[in-house]
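This is what each chain is made of:
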Amino acid sequence: MSEFWQAKKTVDFLVRGLKIILYGTPALFLLASEYFIYPFVSTKVFVFRILVEIMAAMYLWLALIAREYRPRQGPLSLALGAYFIIQFLSGVFGVNFYRSWVGNFERMDGLLTQLHYLVFFIILSAVLRKKSDWTRFAGVGLIINVLLFIVAILQVNGVPIYHFGATARVTGSFGNSAYFASYLIFSIYLGIFFFFRESGWKKNILGLYLALAHIALFLTQTRGAVIGWAAGLVVFFTLRIWFGADKRRRGLALLPVLALIIGAWGLYTFRDAAAVRKIGAIRRLASISITDGTTISRLRYWQMAVDGWKEKPLLGWGYGQFEVISNRYYNPSLYDFEEWTDHAHNYFLDVLSTTGLLGLLAYLAIFSIAIDYARRNYLEKKISSLEFALIIGFLVAYLIQNVFIFDMYASFVGLFAFFAFLEFSRGNGGEEKKFALLKNGRYLIWAGFLIAVFAIYRFNFIPMKAGYYATRALKYSALAGDYLGYVKKAIAIPNFGSQEINYQLTLERAQFIMDKFGDGVSSEQIAGLLALAEEQFKFNIAREPVVLRNYLGLAYVYLTEAKLDSANAQILAGKALDIINQGEPLSPRRQSLFFLKAEAYNGLNRSDEALALLEKTIALDNSYADAYINYAKVATYISNREKLTWVFEEAEKNKIEFSREDLQNLLNIAVYKKDLWAAVDIYLKLTELEPDNPRFHSGLAAAYAEAGDSAGAIAAAKRAMELDPEFVAEGQMFINNLSRTKK
């Protein structure tokens, strides 16, 4: 029996099994199942984590009996380990360790997943010990990449392979064009590496591969990735010339830089040319400006990240906790752009603000060591000047794109695989081929497999099951079928995605139903849904008191319940106000919080406080319509014509235009409150908005008549008659009746 634990056959079996799984990991990029919530992300990461957990148990066994396969201990391995320790400590001393550890469904990027990437790196660098191993691994990656290029080209031609989560820009199997573009950076440099190594028909095939890769990249229209790609190629060609065989041509090394400068100048100069406007990625590059909405929001995020770091400079707010920072330092000018964000859209600032200066220094140290590895390999003639230039070019491309976006599963797996290859290339690791099981080793092996089984069940199977029930519920419209049954099953399972599931299955569905209220949904049904939402939001607030959305969600539930239960409306409005006041310190300048608070004030008949608060939201940033609209609603509801006139004038002064829908909603409130002069004012705004619409002029005439202004009514009726000949007879009768009434 002892031979089973340590025989060479066992080693060969484990190595072969690990290699098969490792070679298969690139295929995970193709996975996306509609049975997973956030299918393009969670499907891949759940399967990846399960495979890593299986490999970890196998690798522990292998490392215990075969010293040559034990983890490499080079500087890069130590730097990655140190970085993870700092990430972990930032979570421990941060504001929400639970969320730092588990992450969420949308990103699947907690410390738990980061640990899986680190284990993947350790296994990959230790088990793939020959160049032929790495060639096979890369070969599978090239094949998977080709399939993804084809998916992209089919998508742009209206043939989506994935029939869910479609977007206007090409997303491959990632559901997000930026994610796909980041992945393509790895794909392109991998292709370039093999293109220069091969010859003959293989080189021709790789040339076609690179053409498809570049087409896919440009179809994503992702500016950050394209800028990184361009900068990386400039560095690659510059180093290629500088370190080339002919030293006399070093002066030509400036040509790629010059080409980049001329290209950028030409793009800016001819940004309005038809040829530029036709190509999505080029058009988006040319449209970059400080007044562009995306640019404005990104700059605001970067400032929030810096402000957050200043408050917690050493270890930051905790890994993955940028949403807490963005709430605390929220800039009201973001309201109409991207109000909510969980990333700075600059990975360096993400790292700085969430893991502090220690985290950023550790992160940069990893890349410094990677560059040093490449330099040493070149000086020791382990790699050619071309390969050295390619490695540096890739690192530049990757780091430049991270100025504009953030890392996710595909880029993390690619990056850790790249680091594993670099560690292998340095030859750091034991070469002793001795098979001997450590004392008590078999107990460690059993423990490893038991831990793997526990991890697969606890960290993957349970949330996958909850996500499955959630996706089944979302198949139903409104509250049809077994919707509530699946909702109850999903939220009954304790898992890290309960917050997202609660939002999608209860709050967002309740909001949708309230908009369609009366369309086959009873008040009892929606009350039942809101009760589930209330229970879950209370649980989430107790578990994560720093997450603002839970407070706002619970407040919305109370305010919606107040609309359905008039007898207890004020009590429920009071509960909403209390919970909003608890959450307000987390984001003291957020308009959406003030809008809910104003609604709660209104429900408590404290309308003056509601108007004062809404006036504050206008002062925070006077360029967004929602603050004016909400103010006008309250002013109309309390029949305060002076306040309504003020907000109309303030909006006009700040070039804010009420939409037809906004004004008709205000009109409904005025009619409900029987405020005739408010109705007149609103109809006047409607006639200003659509001066040739006879219906609005006839409505204005009726409002004037009801308010007792016959002259105004007659003038409005005559204008309606001028605009619509079919209204002449009715209008004349209306005028005659008014005239008789006056007499």
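Residues numbered from 1 in each chain as written. Predicted model: local features only at pLDDT ≥ 70, side-chain atom pairs only at ≥ 80, totals over all residues. Heavy atoms only, no water.

### Re the overall build of the protein chain
- Secondary structure summary: the protein chain contains 33 helices and 0 strands in total.
- Scored against the burial criterion, the 743 residues of the protein chain give a buried share of 53%.
- Relative to all contacts within the protein chain whose residues are 6 or more apart in sequence, the contacts with residues 24 or more apart total 72%.
- A total accessible area of about 33,300 Å² is found for the protein chain, and carbon and sulfur atoms account for 61% of it. (Helix = DSSP H or I, 4+ residues; strand = E, 2+ residues; numbered from the N terminus. Buried < 20%, exposed > 50% of the residue type's maximum accessible area, 1.4 Å probe, protein only. Contact = heavy atoms within 4.5 Å. Areas by Shrake-Rupley, 256 points an atom, 1.4 Å probe, with all protein chains shown as cover.)

### Topic: the packing of helix α2 (residues 8-24) against helix α7 (residues 131-156)
- Contact pair α2 / α7: the axes reach a minimum separation of 8 Å and the direction vectors enclose 35 degrees. Contacts between α2 and α7 pair Lys19, Leu22 and Tyr23 from the former with Asp133, Arg136, Phe137 and Val140 from the latter.
- Residues of the contact of α2 with α7, tallied by class, amount to 4 nonpolar, no polar and 3 charged. (Axes fitted to C-alpha atoms, helices over the stretch in contact; angles between N-to-C directions. Nonpolar A, V, L, I, M, F, W, Y, C, P; charged D, E, K, R; others polar.)

### Brief notes about the side chain of histidine 116
- Its location among the elements puts histidine 116 in helix α6 (residues 111-127).
- Not counting residues within four places of it along the chain, the set of residues in contact with histidine 116 comprises Phe48, Arg49, Val52 and Glu53.

### A look at the nonpolar core
- Core analysis: the biggest nonpolar cluster contains 233 residues, and Leu62, Phe120 and Phe419 have the highest contact counts within it.
- With 14 residues, helix α16 (residues 347-379) is the single largest residue contributor to this core.
- If sequence neighbours within four positions are ignored, leucine 62 has contacts with Val11, Leu14, Val15, Leu18, Tyr69 and Val127. (Core = buried A, V, L, I, M, F, W, Y, C linked by side-chain atoms within 4.5 Å.)

### Looking at the environment of phenylalanine 421
- Structurally, the position occupied by phenylalanine 421 is in helix α18 (residues 409-426).
- In the structure, phenylalanine 421 is positioned 290 residues away from lysine 131 in sequence and 9.5 Å away in space, judged by C-alpha atoms.

### Comments concerning empty space enclosed by the protein
- Applying the stated criterion across every chain yields a total of 4 cavities of 30 Å³ or more.
- By volume, the largest cavity amounts to about 130 Å³.
- Lining the largest cavity are 16 residues, with Leu80, Tyr83, Gln114, Ile366 and Phe416 positioned closest to its centre.
- In terms of residue class, the lining of the largest cavity is made up of 13 nonpolar, 2 polar and 1 charged.
- Looking at the second largest cavity, its volume works out to about 40 Å³.
- Taken together, Phe40, Val41, Lys44, Phe174, Tyr179, Met408 and Tyr409 make up the lining of the second largest cavity.
- With 3 residues, the single largest contributor to the lining of the second largest cavity is helix α3 (residues 39-65).
- Here the lining of the second largest cavity is built from residues that sort into 6 nonpolar, no polar and 1 charged. (1 Å grid on protein atoms, 1.4 Å probe; cavity = no way out; pocket = protein on both sides within 12 Å on 5 of 7 lines; lining within 4 Å. Points joined across faces, edges and corners; volume = space filled by probe spheres on them.)

### Points about the side chain of glutamate 387
- Secondary-structure assignment places glutamate 387 in helix α17 (residues 385-401).
- No salt bridge is formed by the buried glutamate 387; the nearest opposite charge belongs to arginine 197, separated by 4.9 Å.
- Beyond its immediate chain neighbours, meaning those up to four positions away, glutamate 387 contacts Phe193 and Arg197. (Lys, Arg positive; Asp, Glu negative; His and termini not counted. Salt bridge = Lys/Arg side-chain N within 4 Å of Asp/Glu carboxyl O.)

### Focus: unusual backbone geometry
- If you check the backbone angles, glutamine 221 has positive phi at about 60 degrees while not being a glycine.
- Summarising the element assignment, glutamine 221 is placed in the loop between α9 (200-220) and α10 (223-242).
- On the basis of relative accessible area, glutamine 221 is assigned to the buried category, the value being 18%.

### Considering the environment of isoleucine 400
- You can see isoleucine 400 is positioned in helix α17.
- On the basis of relative accessibility, which here comes to 29%, the residue isoleucine 400 falls in the partly exposed class.
- Not counting residues up to four positions away in its chain, the partners in contact with isoleucine 400 are Ile227, Gly228 and Ala231.

### Notes on the packing of aromatic side chains
- Enumeration over the complete set of coordinates arrives at 56 aromatic pairs.
- Considering the side-chain rings of tryptophan 134 and phenylalanine 137, the 5.9 Å spacing of their centres and the 85 degrees angle between planes classify their relative orientation as edge-to-face. Highlighted residues: tryptophan 134 and phenylalanine 137, both in helix α7, separated by 3 residues, approximately one helical turn.
- On the accessibility criterion, tryptophan 134 (7% relative accessible area) is buried.
- On the accessibility criterion, phenylalanine 137 (12% relative accessible area) is buried.
- A ring pair is formed by phenylalanine 218 and tryptophan 229, whose centres lie 5.4 Å apart and whose planes are at 85 degrees; its orientation type is edge-to-face. Here phenylalanine 218 is found in helix α9, whereas its partner tryptophan 229 is found in helix α10, with 11 residues between them in sequence. Neither residue differs from the other here; phenylalanine 218 and tryptophan 229 are each classed as buried.
- A cation over an aromatic ring shows up here: lysine 44 above the ring of phenylalanine 174, its NZ or CZ 5.1 Å from the ring centre. (Phe/Tyr/Trp six-rings, centres within 6.5 Å; stacked < 30°, edge-to-face > 60°. Lys NZ or Arg CZ within 6 Å of the ring centre and 35° of its normal.)

### Quick notes on a nonpolar patch on the surface
- Among the surface-exposed residues, Ile85, Leu89, Val92, Phe93 and Phe97 lie close enough to one another that they form a single nonpolar patch of about 450 Å² accessible area.
- Assignment of secondary structure puts valine 92 in helix α4 (residues 75-92). (Patch = residues over 30% accessible without salt bridge, like charges linked within 9 Å, V, L, I, M, F, W, Y side chains within 5 Å.)

### Here's the deal with the pattern of salt bridges
- Across all of its chains, the model carries 24 salt bridges by this definition.
- Across the pair glutamate 544 and arginine 99 runs a salt bridge whose closest N-O atoms are separated by 2.5 Å. In this pair, glutamate 544 sits in the loop between α22 (523-543) and α23 (548-564) while arginine 99 sits in helix α5 (residues 97-102), placing the two residues 445 residues apart along the sequence. The pair glutamate 544 / arginine 99 is uniform in exposure class, with both members buried.
- We note a salt bridge from arginine 719 to aspartate 692, for which the minimum N-O separation is 3.6 Å. You can see arginine 719 sitting in helix α32 (residues 710-723) and its partner aspartate 692 sitting in the loop between α30 (676-689) and α31 (694-707), a full 27 residues away along the chain.
- With a relative accessible area of 57%, aspartate 692 lands in the exposed category.
- Each of Lys19, Asp133 and Arg136 takes part in salt bridges that share partners, so that together they form one network.

### Quick notes on the environment of isoleucine 188
- With respect to the helices and strands, isoleucine 188 occurs in helix α8 (residues 177-197).
- Classification of isoleucine 188 as buried rests on a relative accessible area of 0%.
- Distance from isoleucine 188 to asparagine 145, taken between C-alpha atoms, is 9.3 Å for residues 43 residues apart in sequence.
- Those residues in contact with isoleucine 188, other than ones at most four positions away along the chain, are Leu210, Ala213, His214, Leu217 and Trp229.

### What about helix α19 (residues 441-474)?
- Over its 34 residues, α19 runs 48 Å from end to end, which matches the ideal 50 Å to within 8%, given 1.5 Å per residue.
- The sharpest bend along α19 measures roughly 35 degrees and falls at phenylalanine 461, with the proline proline 463 sitting one to four residues further on. (Expected span 1.5 Å × (residues − 1). Bend = angle between axes of the 7 residues up to and from the residue.)

### Description of the packing of α10 against α17
- Two numbers describe how α10 lies on α17: the axes approach to 7 Å, and their chain directions differ by 155 degrees. On the basis of their axis angle, the class for α10 and α17 is roughly antiparallel. Crossing of α10 over α17 shows right-handed handedness. Within the contact between the two elements, α10 uses Gly224, Ala225, Ile227, Gly228, Trp229, Ala231, Gly232, Val235, Phe236, Leu239 and Arg240 and α17 uses Ser385, Leu386, Ala389, Leu390, Ile392, Gly393, Val396, Ala397, Ile400 and Gln401. (Parallel < 35°, antiparallel > 145°, perpendicular 65-115°, else oblique. Left-handed = near helix turned anticlockwise from the far one by under 90°.)

All quantities given are derived from atomic positions and should not be read as evidence of function.
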